[in-house]
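Working through the structure, step by step
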Amino acid sequence: MSATMPLAPGATSIAQREAQDLLDQVEGVNTVVVATVDGFDVASALRTGEAARVAAMASSISAISAVVSQEARLGRNKSVTIDTEAGFAVVHSVYREDAELVIIAIAHGGALLGQVNYRVAQFARTLASA
Amino acid sequence: MTEYKIVFTGSMGAGKTTAIGAVSEIPPIVTDVTNNDASHGKERTTVGLDFGQFTLDNGDRVRMFGTPGQSRFDFLWKILSKNAIGMVILADNSRPDPLAELRVYLEGFADELATLPCAIGVGRLQTHASPSLDDYIDELARHQLVLPVLDVDVRQRSDVILLIDTLLAQLEANLFGE
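This is a predicted model, so every value here is computed, not measured.

**Comments concerning the overall build of chain A**
- Assigned secondary structure in chain A consists of three helices and five strands.
- Starting at the N terminus and ending at the C terminus, chain A contains elements arranged as α-β-β-α-β-β-β-α.
- Here the C-alpha atoms of chain A give a radius of gyration of 14 Å, agreeing with the 14 Å that 2.2 N^0.38 yields for 130 residues.
- For chain A, the spread of C-alpha atoms along the principal axes amounts to about 35 × 35 × 30 Å.
- For chain A, the proportion of contacts with a sequence separation of at least 24, taken over those separated by at least 6, is 51%.

Encoded structure:
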């Protein structure tokens, strides 16, 4: 099994750079993965975990949230936040002309949700226009 | 009214989404997206779940859940099979090694298969005769399983209903559980 990467090489480099910046610059973030909508990792920066597995989970979460948005007639889905006892995960959709992608950032409880949300949304905008 | 939950699983492209859509009385819920897997020519693939339902003649309702086929989504397999009363495993006989693909699900759902009724539906047998249904039965025997193996075209509502009836017949005969 191998994925045919739908992304322009320039966009992949930007995804990788931005993922690393997010991990390095935002306190508490320990995993950032950019995935195709069918669950292949395109770029990643992780302190722990496995990018391939996180990518698959992110694509499932995104697909299920898309169905909820559709059924409720709420328009195109943008993001999902999973709030947990020990931290949170933010899953954000990226709509590009050549591919739809998903960004997931996972952070521990010390991170600020607003800050992570803001940075992930910014990352999604950058990647959408790259 | 009794409600039954049945899980449809099996390899990518075997027809899980199609099977549920063929019998569902409601517009099925599908979570398919663009496929980027170069080893498979399919345009779209399920990455979350499929859902559909239909009512039996006696008023009982069957809720059908489809899993993603790829093992990278195996975290969903356990979630979706929770509280199921039966499982349908679909195989695509046009794949290079359908029996190896079947093994993925026999192993991935080994705990469930020990207690749940299951039926195997083999698709595209008309155009790809090998492996035969007997080969599937032999493969199941190697996993100490005796399960019905049916030649199906899941685009045909009657074939999908046959699979479900096969599960329900096993339940009625009390072949599984206590």
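**Some details on the overall build of chain B**
- Across its full length, chain B holds six helices and eight strands.
- Starting at the N terminus and walking to the C terminus, you meet the elements of chain B as β-α-β-β-β-β-α-β-α-α-β-α-β-α.
- For chain B, the C-alpha radius of gyration of 15 Å lies close to 16 Å, the compact-globule estimate for 178 residues.
- For chain B, the spread of C-alpha atoms along the principal axes amounts to about 45 × 35 × 30 Å.
- A burial count over chain B gives 47% of its 178 residues as buried.
- A fraction of 70% describes how many contacts in chain B between residues 6 or more apart in sequence connect residues 24 or more apart.

**Side note on the pairing of strand β4 (residues 50–55) of chain B**
Residues and elements named next belong to chain B.
- Alignment of β4 against strand β5 (residues 61–66), held across six bridges, turns out to be antiparallel. By the bridge assignment, Q53 is partnered in β5 with R63.
- With antiparallel pairing between neighbouring strands as the criterion, β4 and β5 make up a hairpin whose turn holds five residues, including G59 at a positive phi of roughly 95°.

**Let's talk about the sheet that holds strand β2 (residues 41–46) of chain A**
All names here are of chain A.
- Read across the open sheet, the five strands follow the order β2-β1-β5-β4-β3; overall the sheet is antiparallel. Every interior strand has two partners, whereas the edge strands, β2 and β3 (79–84), have only one. Direction aside, neighbouring strands of the sheet carry axes that sit 10° apart on average.
- Judged from the six bridges that link them, β3 and strand β4 (residues 87–95) form a sheet pairing that is antiparallel. Residue D83 lies in a different strand from β4, and its bridge partner there is F88.
- Sitting on the sheet, helix α2 (residues 51–71) is in contact with β1 (29–36), β2, β3, β4 and β5 (100–108), with an inclination near 70° to β1.
- Sitting on the sheet, helix α3 (residues 113–129) is in contact with β1, β4 and β5, with an inclination near 20° to β4.

**Focus on the confidence of the model for chain B**
- Here chain B averages 94 in pLDDT, and 98% of its residues register 70 or above.
- Among the scores for the predicted complex, ipTM is 0.81 and pTM is 0.89.

**Structural notes on the sheet that holds strand β1 (residues 3–10) of chain B**
Residue and element names in this part refer to chain B.
- Ordered in space as β4-β5-β1-β6-β7-β8, the six strands form an open sheet in which the pairing is mixed. Every other strand in the sheet has two partners, leaving β4 and β8 (149–151) as the edge strands with one partner each. Neighbour to neighbour, the strand axes of the sheet diverge by 25° on average, direction disregarded.
- Where strand β7 (residues 118–123) lies against β8, three bridges are found, and the strand directions are parallel. For I120, the partnering residue across the bridge sits in β8 and is V149.

**Notes on the packing of helix α1 (residues 9–25) of chain A against α3 of chain A**
Residues and elements named next belong to chain A.
- Axis separation between α1 and α3 bottoms out at 10 Å; the angle between their running directions is 170°. Relative to α3, α1 is oriented roughly antiparallel. Seen along the crossing, α1 lies across α3 with a hand that is right-handed. Here A11, I14, A15, E18 and L22 of α1 lie close against α3, whose contacting residues are R119, F123, T126 and L127.
- Here the residues of the contact of α1 with α3 sort into six nonpolar, one polar and two charged.

**Digging into unusual backbone geometry**
- Omega for the bond connecting S130 of chain B with P131 of chain B falls within 30 degrees of zero, at 0°, which places this linkage in the cis form.
- Structurally, P131 of chain B is set in the loop between β7 and α5 (133–142).
- Positive phi, normally seen in glycine, also occurs at R73 of chain A, with a value near 55°.
- Within the secondary structure, R73 of chain A sits in the loop between α2 and β3.
- Despite not being glycine, R124 of chain B has its phi angle at roughly 65°, a positive value.
- Structurally, R124 of chain B is set in the loop between β7 and α5.
- Residue R124 of chain B is classed as partly exposed on the basis of its 19 C-beta neighbours within 10 Å.

**Remarks on α3 of chain A**
All names here are of chain A.
- For α3, which comprises 17 residues, the first-to-last C-alpha distance of 24 Å matches the rise-based estimate of 24 Å (1.5 Å per residue) to within 8%.
- Those residues of α3 not exposed but buried are V116, R119, V120, F123, A124 and L127. Buried residues of α3, viewed axially, fall in a sector of 145°; they line one side. The outward face of α3, more than 90 degrees from its buried face, is lined by the exposed residues G114, Y118, R125 and S129.
- If you follow the buried residues of α3, they end up packed against α1, β1, β4 and β5.

Conventions adopted
Residues numbered from 1 in each chain as written. Chains lettered and ligands numbered in written order. Predicted model: local features only at pLDDT ≥ 70, side-chain atom pairs only at ≥ 80, totals over all residues. Helix = DSSP H or I, 4+ residues; strand = E, 2+ residues; numbered from the N terminus. Rg over C-alpha atoms; globule rule 2.2 N^0.38 Å. Contact = placed C-beta atoms within 7 Å. Buried ≥ 20, exposed ≤ 12 C-beta atoms within 10 Å, placed from the backbone. Pairing = 2+ DSSP bridges. Axes fitted to C-alpha atoms, helices over the stretch in contact; angles between N-to-C directions. pLDDT = per-residue confidence, 0-100. Parallel < 35°, antiparallel > 145°, perpendicular 65-115°, else oblique. Left-handed = near helix turned anticlockwise from the far one by under 90°. Nonpolar A, V, L, I, M, F, W, Y, C, P; charged D, E, K, R; others polar. Expected span 1.5 Å × (residues − 1). Arc of directions from axis to C-beta.

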